[in-house]
Amino acid sequence: MAIPSNDKISQLNWVRAVAAFLVVGYHCEITMALPTYFGSSVIPVFKSGHAGVQLFFVLSGFVVFLAHSRDRERDWNVLSLFAFKRFRRIYPPLWLVILPLTVMLMAGIGTGMPAVYDIVAAFLILPVHNEVILGTEWTLRHEILFYLLFALFFWNRRVGLIILIAWAVVGSAVAGLSEQHWLVEFLLSPNHLLFLSGMGIAWVSLRGDLPGGVAVLAGGLAVFAASYALSLKMPLDADFSILMFGTGASGVIYGLVALKRLNRPVALLDAAGASSYALYLIHYPLISVLLKLNKRLSGRIELSPYLCFLFVILTCYGASWAFHRWLEKPAIGMVSSIWRRPPLAEAV
């Protein structure tokens, strides 16, 4: 998913890398288990890999607040710069994926024919009832909603904070009600509380050292691991699962940021973190293509489920690195040159 980067805190790349790995493993596991492919679970431990989304949401709230905490109120230039950075970071790479997928679906390649609104909503990241073009785009829709509400900070810090808190808290309360309209579920998802949690961690970190880093990190890891193990054994209520994983993710991010001695680059994790958005965009359709290819070649090249899983994962990572280097970065650079903004720091 699209998570702003912060070069001063290398540990954030560890979170990006782990979160992306969990999500890719999850989608690979549930897709390979479909009757049309292997028809059974391959690596069951990834059945709870969707928890990586909660890591991403907490991290997003943390980094966005950290990056813009000192921006001036009621400054149109600051607001327009924020909007520009968010646009160039998220939309151009997304369009590089959405466009060919839309063409394929319109040509009858794939499942279902997108309606006009489906196409418009996919390109603009608007709310939808069902994901038709890119199955993972639902997380970006929550991300954009968070950005829109966070923009209120550039008008008035206090009012913006009150609205964000109300949005997250009311959403968590409404989540317990049944039979909600899909748009209400989207606007008031308990996932939004995780953005606020990340913001809170950033707010504390800006005021000095974060106390109890080791203890909070250990607690966060314990809660996250326990939630992960529990969800493997039994189906959890979706909203309860979000809050449990979000609590663990908040502890992990708090602890990692608090332990400043961990702030050192790790080449492999840095590379995985840098290409995490590219991986988020391309992995799901790529998994489908690779599994279809494996099925077609099954009479000539026989891969065991485990080798196929490994092959798919490695291919997704290789393709995401290539996408990030040769498509995502040039697209962002092109938008910057066309927009003719003043020189900007690296996309955050």
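The structure we're discussing is the one just above.
This text gives an overview of the structure that appears in the document.

Some points on the overall build of the chain
Looking only at helices and strands, the chain has 13 helices and zero strands in total. A compact globule built from 348 residues should have a C-alpha radius of gyration of about 20 Å, and the chain, at 20 Å, falls within 12% of that. Along the longest, intermediate and shortest principal axes, the C-alpha atoms of the chain span 65 × 50 × 45 Å. Across the 348 residues in the chain, those meeting the buried criterion constitute 48%. Restricting the contact set of the chain to residue pairs at least 6 apart, pairs at least 24 apart contribute 79%. Total accessible area computed for the chain in this model is approximately 16900 Å², and 69% of it derives from carbon and sulfur atoms. Put simply, the chain has 26 plus and 18 minus side-chain charges, and the middle of one group is 8 Å from the middle of the other.

Concerning helix α13 (residues 305–339)
In a regular helix each residue adds 1.5 Å, so 35 residues correspond to 51 Å; α13 covers 47 Å between its end C-alpha atoms and thus fits that length. Looking at the buried residues of α13, the elements they touch are α1 (11–32), α3 (76–106), α11 (267–274) and α12 (276–296).

Section: empty space enclosed by the protein
Applying the stated criterion across every chain, the model contains two cavities of 30 Å³ or more. Roughly 50 Å³ of internal volume is contained in the largest cavity. A class-by-class count of the residues in the lining of the largest cavity yields five nonpolar, one polar and four charged.

Describing the pattern of salt bridges
Under the defined criterion, the tally for this structure stands at four salt bridges. Arginine 72 is the partner of aspartate 75 in a salt bridge, and the nearest nitrogen-oxygen pair spans 2.3 Å. Classification of aspartate 75 as buried rests on a relative accessible area of 14%. By relative accessible area, arginine 72 is classed as exposed at 53%. Note that arginine 141 and glutamate 137 form a salt bridge whose closest N and O atoms lie 3.3 Å from each other. Classification of arginine 141 by relative accessible area gives buried; the value is 4%. Glutamate 137 gets classed as buried once you look at its relative accessible area, which sits at 0%. Ionic contacts of the salt-bridge type, sharing partners, join the residues Glu131, Glu137 and Arg141 into one network.

Topic: the packing of aromatic side chains
Considering all chains together, one arrives at 20 aromatic pairs under this definition. Relative to tyrosine 147, the ring of phenylalanine 146 has its centre 6.0 Å away and its plane inclined at 45°; by these criteria the two rings are tilted. Taken individually, phenylalanine 146 and tyrosine 147 each receive the classification buried, so the pair is uniform in this respect. With centroids separated by 5.8 Å and ring planes inclined at 55°, the aromatic side chains of phenylalanine 146 and phenylalanine 150 adopt a geometry described as tilted. Taken together, the residues phenylalanine 146 and phenylalanine 150, both in helix α5 (residues 138–150) and four residues apart, mark about one turn of the helix. With a relative accessible area of 0%, phenylalanine 146 lands in the buried category. By way of ring pairs, the aromatic residues Phe57, Phe65, Phe82, Trp138, Phe146, Tyr147, Phe150, Phe153, Phe154 and Phe195 are connected into one cluster.

Let's talk about the nonpolar core
Counting residues in each nonpolar core, the largest one holds 88 residues, and the members touching the most others are Phe62, Phe146, Phe150, Leu164 and Leu281. The leading source of residues in this core is helix α2 (residues 52–68), at eleven residues. Ignoring sequence-local partners within four residues, the contact set of leucine 164 consists of Phe146, Leu149, Phe150, Phe153, Leu196 and Met199.

Description of unusual backbone geometry
For arginine 74, which is not glycine, the phi torsion reads 50° and is therefore positive. Mapped onto the elements, arginine 74 comes out in the loop between α2 and α3. The class of arginine 74 is exposed, set by a relative accessible area of 56%. One non-glycine residue with positive phi stands out, namely isoleucine 125, at about 60°.

Reading the values: the criteria
- Residues numbered from 1 in each chain as written.
- Predicted model: local features only at pLDDT ≥ 70, side-chain atom pairs only at ≥ 80, totals over all residues.
- Heavy atoms only, no water.
- Helix = DSSP H or I, 4+ residues; strand = E, 2+ residues; numbered from the N terminus.
- Rg over C-alpha atoms; globule rule 2.2 N^0.38 Å.
- Buried < 20%, exposed > 50% of the residue type's maximum accessible area, 1.4 Å probe, protein only.
- Contact = heavy atoms within 4.5 Å.
- Areas by Shrake-Rupley, 256 points an atom, 1.4 Å probe, with all protein chains shown as cover.
- Lys, Arg positive; Asp, Glu negative; His and termini not counted.
- Charge placed at Lys NZ, Arg CZ, Asp CG, Glu CD.
- Expected span 1.5 Å × (residues − 1).
- 1 Å grid on protein atoms, 1.4 Å probe; cavity = no way out; pocket = protein on both sides within 12 Å on 5 of 7 lines; lining within 4 Å.
- Points joined across faces, edges and corners; volume = space filled by probe spheres on them.
- Nonpolar A, V, L, I, M, F, W, Y, C, P; charged D, E, K, R; others polar.
- Salt bridge = Lys/Arg side-chain N within 4 Å of Asp/Glu carboxyl O.
- Phe/Tyr/Trp six-rings, centres within 6.5 Å; stacked < 30°, edge-to-face > 60°.
- Core = buried A, V, L, I, M, F, W, Y, C linked by side-chain atoms within 4.5 Å.

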